[in-house]
Amino acid sequence: MSIFSLVDDSSCRIHVQVARQIARKILSGDIQENEKLPSEMELCKVFGVSRTALRESTKLLSAKGLIESKPKVGTRIQPRSQWHFLDPQLLDWIQDIEDTKPFLAQFLGLRKAIEPEACALAATNATVEQRKTLSVLFQKMSLAAHTFDYEDWTVNDHLFHQTIFLSTGNQFYIPFGKILSTIFKQFIDHSAEGGRFCLDEHKAIYDAIMSGNANQARTSSRVLLDDENQKLAQLKLTA
């Protein structure tokens with residue numbers, strides 16, 4: 001199959017390289033839902049790998065809901081409804097495809113549904129130590145914004161939002177905070193320098209959490225996540 005290529009001999013395990021290539025083609029739509037993959041023999045030849053390595057690859061892709069393999073039937077692409085979009089490795093593979101905007105737009109919708117409530121819970125439940133951590137991180141974000149230090153802003157912005165999820169007092173928010181950090185890299189790493197830091201919007205969230213005002217924290221988060229602040233078309237620095 002010409003859309004694939006031989007895997008190279010790198011530090012990344014062979015079966016992961018193969019899985020990544022196939023996943024990218026599925027995620028980008030180059031291989032359609034319900035489409036059948038070539039036979040094991042064909043894929044082994046295309047990738048230049050052993051049958052054992054290929055089978056490890058298909059196990060990895062199956063675990064992420066991308067494909068389904070059946071004896072004597074072959075391997076088909078699963079419908080999107082089966083894909084495990086919040087799997088960290090799958091998110092990493094999404095970053096490889098050419099047009100990530102549709103994924104980012106949909107994820108922003110998820111953020112709007114979850115993050116404001118996380119901010120409200122943090123305002124109520126954050127410990128003294130967590131509030132201290134938020135304070136240090138916000139000070140670093142302020143300095144980065146005023147000195148136009150995009151790299152420092154990125155690091156501390158990730159940690160700021162992740163700390164908010166850790167501060168909710170609800171353990172089910174914690175994994176989402178880690179996933180969110182992965183997605184932030186898509187919003188921020190692809191933004192052009194000179195984009196806008198939403199420092200005022202972050203300050204409103206910070207002030208509300210520090211003062212224990214859950215309603216204001218929720219409202220301020222919604223303002224930050226407003227489409228005007230999160231314009232994917234311009235990929236501004238606003239996460």
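The shown structure was predicted, so the numbers you read here are calculated from the model rather than taken from an experiment. (Residues numbered from 1 in each chain as written. Predicted model: local features only at pLDDT ≥ 70, side-chain atom pairs only at ≥ 80, totals over all residues. Heavy atoms only, no water.)

Draft legend 1. Quick peek at the pattern of salt bridges. Enumeration over the complete set of coordinates arrives at 11 salt bridges. Notably, a salt bridge pairs K25 with D30, separated by 3.7 Å at the nearest N-O pair. Classification of K25 as partly exposed rests on a relative accessible area of 21%. Put simply, E40, R51 and R55 are held in one network by salt bridges that share partners. (Salt bridge = Lys/Arg side-chain N within 4 Å of Asp/Glu carboxyl O. Buried < 20%, exposed > 50% of the residue type's maximum accessible area, 1.4 Å probe, protein only.)

Draft legend 2. Geometry of the layout of surface pockets. Taken as a whole, the largest pocket holds about 320 Å³ of empty space. Taken together, 15 residues line the largest pocket, and the ones lying closest to its centre are E40, T58, S69, G74 and T75. When residues of the lining of the largest pocket are traced back to their parent elements, those giving at least two are helix 2 (40-47), helix 3 (51-63), strand 1 (67-70) and strand 2 (74-77). Here the element with the most residues in the lining of the largest pocket is helix 3; it accounts for five residues. When grouped by side-chain class, the residues that make up the lining of the largest pocket number four nonpolar, six polar and five charged. Roughly 190 Å³ of volume is contained in the second largest pocket. In terms of lining, the second largest pocket is formed by 12 residues, of which the most central are F85, L91, F103, Q106 and F107. Listing elements by their share of the lining of the second largest pocket, those giving two or more residues are helix 4 (88-94), helix 5 (101-125) and helix 8 (173-189). Of the residues forming the lining of the second largest pocket, the biggest block, five residues, is contributed by helix 5. Across the lining of the second largest pocket, the residue classes break down as nine nonpolar, three polar and no charged. (1 Å grid on protein atoms, 1.4 Å probe; cavity = no way out; pocket = protein on both sides within 12 Å on 5 of 7 lines; lining within 4 Å. Points joined across faces, edges and corners; volume = space filled by probe spheres on them. Helix = DSSP H or I, 4+ residues; strand = E, 2+ residues; numbered from the N terminus. Nonpolar A, V, L, I, M, F, W, Y, C, P; charged D, E, K, R; others polar.)

Draft legend 3. Main features of the packing of helix 5 against helix 7 (residues 150-166). Where helix 5 meets helix 7, the axes come as close as 8 Å, and the angle between the chain directions of the two elements is 70 degrees. With respect to each other, helix 5 and helix 7 are oriented roughly perpendicular. Two packed elements cross with a definite hand, and for helix 5 against helix 7 that hand is left-handed. Residues R111, I114, E115, A118, C119 and A122 of helix 5 form the contact with helix 7, whose participating residues are H161, I164 and F165. When its residues are assigned to classes, the contact of helix 5 with helix 7 shows six nonpolar, one polar and two charged. (Axes fitted to C-alpha atoms, helices over the stretch in contact; angles between N-to-C directions. Parallel < 35°, antiparallel > 145°, perpendicular 65-115°, else oblique. Left-handed = near helix turned anticlockwise from the far one by under 90°. Contact = heavy atoms within 4.5 Å.)

Draft legend 4. Examining the environment of T100 more closely. Within the element layout of this structure, T100 appears in the loop between helix 4 and helix 5. A relative accessible area of 10% places T100 in the buried class. Each C-alpha atom, one on T100 and one on L27, is 9.6 Å from the other, the two residues being 73 residues apart in sequence.

Note that every value here comes from positions in space, so none of it alone points to a role or purpose.
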